[in-house]
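Structural characterization, general
Each chain, letter by letter, is given below.
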Amino acid sequence: PASLGLPLDHRPGLARHMINADGADHARLRRLVSAAFTPRRMAGLRTRALEVTDALLDRLDGPEADLIAGLAYPLPITIICDLLGVPEEDRATFHHHASVIDSAAASEVEEITRATDALESFLADLVELKRSRPGNDLLTDLVRRSNQGEIDKDELTSTAFLLLIAGHETTVALIGNGLLALLRHPGQAAALRADLSLLPDFVDEMLRYDGPVRNATWRFPTEPVVIGGQEMLPGEPILVSLLAANRDPAAFADPDAFSPGRIGEPHLAFGRGPHYCVGAALAKVEGEAAIGRVLERFPDLALATDPAELSWWPSAIMRGLFSLPVRLHG
Ligand code: HEM
């Protein structure tokens, strides 16, 4: 239960964010942050994502590397911390707590609780910092809105928590799982290398084929409902498996094939409906920057381990790799 977020439900300073809100409150909380994700902002972030990717890839100097530690982790954390205004010196601490919360096994309750406590006080301090030293960032903007009464104190720290967590491990997993899909499909990788304008189609198929989020967040029926022959009663907690939905043969032809450019149903990797991922455009920008640059810079890239040896996070929410060992040169 811990890794599914249950203990957090009892923490107003972390849980009062848009995912846990409906109706007018949801719309208000979502509106306050969606301005940060406009197409114009995305264009700027694309340049920044390419810059950060290049700097990270410059550091890989051996014949082999781990593309999770070397690229997939540091890129999204840098971008989301830039966006929110997390100071450089605090980023490693934040990263540690966030990765425990997102990718630990459900049984590691104590560790998750400790990390959650630490992150809660880290965020409270960060909000105070933005009050005393405003910056040109999303968190400063939210602090200003809270002074105007548009968002209360708990909603403010909860929103910062949601963005830091949601904007981080998810994208790590997109880059890692996506690169793995390419490494396991060399013919497709060659086609993409030959025409990088296909990147958006490839990233979209990576999201469907092996998406970062296993289950959507909790849903609770408000009236009795029958789906797929299963009756659900009001108030029962429901988890929807996004990964299973994305391999549904009723929705996707040959669902287990990695087939970029497929037409038909949209996938569910970013959810659907009012809670559709706010950061979807940003995640794609980062995924395209990272995967495109790796292909360009390492024409002979190959997996340096047996795929069966790869180790996956034990999390019930997220599907991502602990490491992705590759040979950079032929
Ligand atoms: C590949 C990367 C990502 C994936 C696969 C992903 C997936 C999702 C999914 C499935 C949901 C809906 C959950 C539900 O309905 O229960 C969601 C919501 C959300 N995501 Fe993402 N996400 C990604 C990246 C990001 C990034 C980069 C950010 C922010 C910077 C972000 C922020 C959010 C927020 C704020 C919500 C809540 C929206 C709402 O409740 O209205 N996500 N995401």
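Residues numbered from 1 in each chain as written. Predicted model: local features only at pLDDT ≥ 70, side-chain atom pairs only at ≥ 80, totals over all residues. Heavy atoms only, no water.

Structural notes on the overall build of the protein
Note the following rule: Every helix listed is a DSSP run of H or I at least four residues long, and every strand listed is a run of E at least two residues long, numbered separately from the N terminus. Contacts: residue pairs with any heavy atoms within 4.5 Å of one another. Accessible surface is estimated by sampling points in the Shrake-Rupley manner with a 1.4 Å probe; for residues, cover comes only from the protein chains shown. The charged-residue count follows a simple rule in which Lys and Arg add positive charge and Asp and Glu add negative charge, with His and chain termini not counted at all. In plain terms, the charge of a residue is placed at NZ if it is Lys, CZ if Arg, CG if Asp and CD if Glu.
Looking only at helices and strands, the protein has 14 helices and five strands in total. The principal-axis extent of the C-alpha atoms belonging to the protein is close to 55 × 55 × 40 Å. For the protein, restricting intrachain contacts to residue pairs at least 6 apart in sequence, the fraction spanning at least 24 positions comes to 71%. When the accessible area of the protein is evaluated, it comes to approximately 15,400 Å², of which 54% is carbon and sulfur surface. Side chains of the protein give 31 positive and 46 negative charges; the mean places of these two sets differ by 5 Å.

Focus on the coordination of the iron atom of the ligand
Inclusion rule: Counted as donors are the N, O and S atoms within 2.8 Å of the metal, or 3.2 Å for Na, K and Ca, while water is not among the atoms, so some sites may look incomplete.
Within the protein, just one atom coordinates the iron atom of the ligand: C277 (SG), at a distance of 2.3 Å. With respect to the secondary-structure elements, C277 resides in the loop between helix 13 (242-245) and helix 14 (280-297).

Some points on the pattern of salt bridges
The test is simple: Basic side-chain nitrogens of Lys or Arg form a salt bridge, by our definition, when they fall within 4 Å of a carboxyl oxygen of Asp or Glu. Remark: exposure states derive from per-residue accessible area (1.4 Å probe, protein chains only) relative to the maximum for the residue type, with buried under 20%, exposed over 50%, and partly exposed in between.
Under the counting rule described, the total for this entry stands at 22 salt bridges. A salt bridge links R16 to E155, with the nearest nitrogen and oxygen atoms 3.3 Å apart. Pair noted here: R16 is in the loop between helix 1 (12-15) and helix 2 (23-34) and E155 is in helix 9 (residues 153-166), with a separation of 139 residues, a long-range link. R16 gets classed as partly exposed once you look at its relative accessible area, which sits at 35%. Assessed through its relative accessible area of 5%, E155 is described here as buried.

Overview of the confidence of the model for the protein
Low pLDDT means the predicted coordinates in that region are not meant to be read closely. Note the cut-off: Per-residue confidence from the predictor is reported as pLDDT, a score between 0 and 100.
On average, the protein scores 91 in pLDDT, and the residues at 70 or more come to 95%. Below pLDDT 50 for its whole length, residues 1-8 participates in 22 contacts with residues either more than four positions away or in separate chains.

A few points about the nonpolar core
Considering soluble globular proteins, one finds that nonpolar side chains tend to be buried as a cluster. Spelled out, the test is: What is meant by a nonpolar core is a set of buried Ala, Val, Leu, Ile, Met, Phe, Trp, Tyr and Cys residues, joined one to another through side-chain atoms within 4.5 Å.
With 91 residues, the main nonpolar core has L123, L182 and L324 as its most contacted residues. If we ignore the near neighbours within four places in the chain, the residues touching L182 are A189, L192, F202, M206, F258, I291 and L295.

Here's the deal with the packing of aromatic side chains
Rule in force here: When the centres of two rings from Phe, Tyr and Trp lie within 6.5 Å, Trp using its six-membered ring, the rings pair. Their planes under 30 degrees apart give stacked, over 60 give edge-to-face, and anything left gives tilted.
This model, assessed by the stated rule, comprises six aromatic pairs. Both rings, one in F202 and one in F258, keep their centres 6.2 Å apart while their planes meet at 70 degrees; by these two values the pair is edge-to-face. Taken together, the residues span a long stretch of sequence, with F202 in helix 12 (residues 199-209) and F258 in the loop between helix 13 and helix 14 at a distance of 56 residues. Note on F258: relative accessible area 4%, which makes it buried.

Observations regarding the site of the ligand
Note the threshold: Being near a molecule or strand, for a residue, comes down to having at least one heavy atom within 4 Å of it. Whenever two N or O atoms come within 3.5 Å, that pair is a polar contact, provided that in protein one can donate a hydrogen and the other can accept it, and provided that, for residues adjacent in sequence, both atoms are side-chain atoms. Each residue gets one label: Ala, Val, Leu, Ile, Met, Phe, Trp, Tyr, Cys and Pro are nonpolar, Asp, Glu, Lys and Arg are charged, and the others, such as Gly, are polar.
Around the ligand, the surrounding shell holds 30 residues, and the nearest of these are H26, T217, R219, H275 and C277. Backbone polar atom of A166 to a nitrogen atom of the ligand: 3.5 Å apart, as the coordinates give it. Between T217 and the ligand, the recorded distance is 2.5 Å, taken from a side-chain N or O atom to an oxygen atom. Along the lines of polarity and charge, the residues of the shell around the ligand split into 20 nonpolar, eight polar and two charged.

Focus: the sheet that holds strand 5 (residues 325-327)
Quick note on the threshold: In this analysis, strands are considered paired if DSSP registers two or more bridges between them.
Strand order in this open sheet of three strands is 1-5-4, and the pairing throughout is antiparallel. The two strands at the open ends of the sheet, each matched to only one other strand, are strand 1 (64-66) and strand 4 (302-303).

A short note on helix 12
Across the 11 residues of helix 12, eight count as buried, placing the element largely inside the fold. Three or more residues of helix 12 are buried, namely L199, F202, V203, E205, M206, L207, R208 and Y209. Against helix 10 (169-183), helix 11 (186-194) and helix 14 lie the buried residues of helix 12.

Comments concerning the environment of G273
Secondary-structure assignment places G273 in the loop between helix 13 and helix 14. The partly exposed category is assigned to G273, whose relative accessible area is 43%. Sequence separation between G273 and A189 is 84 residues, and the spatial gap between their C-alpha atoms is 32 Å.

Focus: the packing of helix 7 (residues 109-132) against helix 9
So the rule is basically this: Here an angle of 0 to 180 degrees is reported between the N-to-C directions of two axes, which are lines fitted to C-alpha atoms, with helices fitted over the stretch in contact. Any angle between 65 and 115 degrees counts as roughly perpendicular, while under 35 counts as roughly parallel, over 145 as roughly antiparallel, and the rest as oblique. Handedness of a helix crossing follows the sense of rotation of the near helix relative to the far helix, less than a right angle counterclockwise being left-handed and clockwise being right-handed.
Helix 9 packs onto helix 7 with a crossing angle of 110 degrees between their chain directions and a minimal axis gap of 10 Å. Between helix 7 and helix 9, the angle is such that the two are roughly perpendicular. The handedness of the crossing between helix 7 and helix 9 comes out as right-handed. Across the interface between the two elements, L119, L123, A124, V127 and R131 of helix 7 pack against L156, T157, A160, F161, L164 and I165 of helix 9. In terms of residue class, the contact of helix 7 with helix 9 is built from nine nonpolar, one polar and one charged.

Quick notes on the environment of V143
Checked against the element boundaries, V143 lands in helix 8 (residues 138-147). Considered as a pair, V143 and E296 are 153 residues apart in the sequence and their alpha carbons are 41 Å apart. In this structure, V143 is in contact with V127, K130, R131 and L156, ignoring residues within four places of it in sequence.

Quick notes on helix 2
What counts, and what does not: Expected helix span is taken as 1.5 Å per residue step, with the number of steps being one fewer than the number of residues. As used here, the arc is the angular range of directions from the helix axis to the C-beta atoms.
Its 12 residues give helix 2 an end-to-end C-alpha distance of 16 Å, which sits within 8% of 16 Å, the value for a rise of 1.5 Å per residue. Among the residues of helix 2, those classed as buried are H26, L29, L32 and V33. Taken end-on, helix 2 shows its buried residues confined to a sector of 130 degrees, consistent with a single buried face. Pointing more than 90 degrees away from the buried face of helix 2 are the exposed residues G23, A24 and R31. In this structure, the buried side of helix 2 is in contact with helix 8 and helix 9.

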